[in-house]
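Examining the three-dimensional arrangement
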Amino acid sequence: MIRQEQMEVVQQRSIATNIFELTLTGSLVLDMKQPGQFVHLRVSDQMEPLLRRPISISTINKETLEFTMIYRADGRGTALLSEKKQGDQVDVLGPLGNGFPIDKIEAGQKALLVGGGIGVPPLYELSKKLVEKGVQPIHVLGFQSESVVFYEKQFIELGDTHIVTADGSYGSAGFVTNVLETLQDDFAVYYSCGPTQMLAALEKMYPEKEGYLSFEQRMGCGIGACFACVCDTTEKIEADYVKVCSDGPVFPSGVVQV
Ligand SMILES: Cc1cc2nc3c(=O)[nH]c(=O)nc-3n(C[C@H](O)[C@H](O)[C@H](O)COP(=O)(O)OP(=O)(O)OC[C@H]3O[C@@H](n4cnc5c(N)ncnc54)[C@H](O)[C@@H]3O)c2cc1C
Ligand code: FES
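Because the structure is predicted, anything quoted here is derived from the model rather than measured.

1. Let's talk about the UniProt feature "binding site: [2Fe-2S] cluster" (unreviewed entry) in the protein
Here the UniProt-annotated "binding site: [2Fe-2S] cluster" (unreviewed entry) positions come out as Cys 221, Cys 226, Cys 229 and Cys 245. On the basis of their most widely separated C-alpha atoms, the annotated residues across 25 residues gather in one place, lying no more than 10.2 Å apart. By the secondary structure assignment, Cys 221 is in the loop between strand S13 (210-214) and strand S14 (230-232). For Cys 221, the contacting residues outside a window of four places in its chain are His 40, Leu 93 and Cys 226. Not counting residues within four places of it along the chain, the set of residues in contact with Cys 229 comprises Gln 217, Arg 218, Met 219, Val 242, Lys 243, Val 244 and Cys 245.

2. Overview of the layout of surface pockets
Gaps left between atoms show up when a probe the size of a water molecule is rolled over them. Computed from the structure, the largest pocket encloses a volume of approximately 850 Å³. Along the walls of the largest pocket sit 29 residues, with Arg 53, Pro 54, Ile 55, Glu 216 and Gln 217 positioned nearest its centre. Within the residue set of the lining of the largest pocket, elements represented by two or more residues are strand S4 (53-56), strand S6 (66-72), helix H1 (76-81) and helix H2 (121-133). Looking at the lining of the largest pocket element by element, the count peaks at four residues for S4. Of the residues contributing to the lining of the largest pocket, the split by class is 14 nonpolar, eight polar and seven charged.

3. Description of the pattern of salt bridges
Within the structure shown, the criterion is met by eight salt bridges. Measuring nitrogen to oxygen at the nearest pair gives 2.6 Å for the salt bridge that ties Glu 21 to Arg 13. Assessed through its relative accessible area of 7%, Glu 21 is described here as buried. Residue Arg 72 is joined to Asp 74 by a salt bridge in which the shortest nitrogen-to-oxygen separation is 3.0 Å.

4. Topic: the site of ligand 1
Close contacts around ligand 1 come from 19 residues, with Arg 53, Pro 54, Gly 77, Thr 78 and Arg 218 the closest. Between ligand 1 and Ile 70 there is a distance of 3.0 Å, counted from a nitrogen atom to a backbone nitrogen or oxygen. Separating an oxygen atom of ligand 1 from a backbone N or O atom of Arg 76 is a distance of 3.5 Å. About the coverage of ligand 1: the protein hides 82% of its 830 Å² of free accessible area. Counting atoms within 2 Å of the grid points, the majority share of ligand 1 lands in the largest pocket. For the shell around ligand 1, the secondary structure elements donating two or more residues are S4, S6 and H1.

5. Some points on unusual backbone geometry
Generally, phi is negative for residues other than glycine and the peptide bonds are trans, each holding for most cases. Between Gly 94 and Pro 95 the backbone carries a cis peptide bond, its omega angle lying at -10°. Relative to the helices and strands, Pro 95 resides in strand S7 (residues 89-96). Gly 248 connects to Pro 249 through a cis peptide bond whose omega is 10°. Examined against the element boundaries, Pro 249 turns out to sit in the loop between strand S15 (241-243) and strand S16 (250-252). A positive phi is found at Leu 65, a non-glycine position, where the angle reads about 60°. Inspection of the secondary structure assignment puts Leu 65 in the loop between strand S5 (59-61) and S6. Of note in the backbone geometry, Phe 227 takes a positive phi value of approximately 65° without being a glycine. For Phe 227, the location among the structural elements is in the loop between S13 and S14.

Thresholds applied
Residues numbered from 1 in each chain as written. Chains lettered and ligands numbered in written order. Predicted model: local features only at pLDDT ≥ 70, side-chain atom pairs only at ≥ 80, totals over all residues. Heavy atoms only, no water. UniProt positions renumbered as here; feature names shortened; annotations may be inferred. Helix = DSSP H or I, 4+ residues; strand = E, 2+ residues; numbered from the N terminus. Contact = heavy atoms within 4.5 Å. 1 Å grid on protein atoms, 1.4 Å probe; cavity = no way out; pocket = protein on both sides within 12 Å on 5 of 7 lines; lining within 4 Å. Points joined across faces, edges and corners; volume = space filled by probe spheres on them. Nonpolar A, V, L, I, M, F, W, Y, C, P; charged D, E, K, R; others polar. Salt bridge = Lys/Arg side-chain N within 4 Å of Asp/Glu carboxyl O. Buried < 20%, exposed > 50% of the residue type's maximum accessible area, 1.4 Å probe, protein only. Near = heavy atom within 4 Å. Polar contact = N/O pair within 3.5 Å; in protein donor to acceptor, adjacent residues only side chain to side chain. Areas by Shrake-Rupley, 256 points an atom, 1.4 Å probe, with all protein chains shown as cover. Sits in = over half its atoms within 2 Å of the grid points.

This is the structure:
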């Protein structure tokens, strides 16, 4: 069920340059079903900015009724969000969208998780859920430079982890595709979130594999009513377009035109 709730800030901290980790608590957490879903946040109590901001769910803890997001504060809305402190309220609409299906893979199999920059956060809850199921995750995480790398330790605790930076300041140098070329492709399913060019490169690299890709699109309502977030589909799909907020943000490979 989609709900709107005033949730309370449990903790906000900076975890890399301009990257924040924000934990909120409230009963809306009980409705979170799948890794890869997102929430739509009002960043200010004032009239402006009016539009909510979509942010992925990065960790879910139903026992404590807490969830965590990781976001980059570079625009006006996210900068305002980064000012929230412990005890403050945040107006949350969610959980929204269809996330990563974990029923597509079985215990004992390997899953490839590929993240780019601020697309890495939703892969953390996904990886935790896969590990709980007995799946072996392989993480390939790409960042611009060392100063914006986050959660390396957390991913290593879950499985094999490769970090790559575009400027070579940490891990291996280049793009996630450079690392993927050196890996065996003995995984059953791949999951990815990041820039569209990265998702396109993965589809090209693994045409025979089952893959699930999470897309980002500018959003208005976040619930399928305003059509701000439509994307063209490929000729394999009957519908001409899909809405990222309500049909996605995660789609099987080959659905969205990249
Ligand atoms: C499903 C989904 C999940 C996301 N998850 C994360 C996340 O986990 N962490 C994170 O840092 N960012 C995430 N983003 C991107 C994030 O929503 C934008 O960076 C943020 O909205 C920018 O807002 P701003 O006010 O700081 O920037 P501004 O440039 O001031 O934003 C102006 C408007 O543009 C929209 N907008 C700007 N950039 C984007 C973008 N890349 N995608 C969608 N809308 C945008 C804003 O919602 C707003 O309406 C996600 C986007 C989507 C669609
Ligand atoms: S944001 Fe309104 S339909 Fe997707």
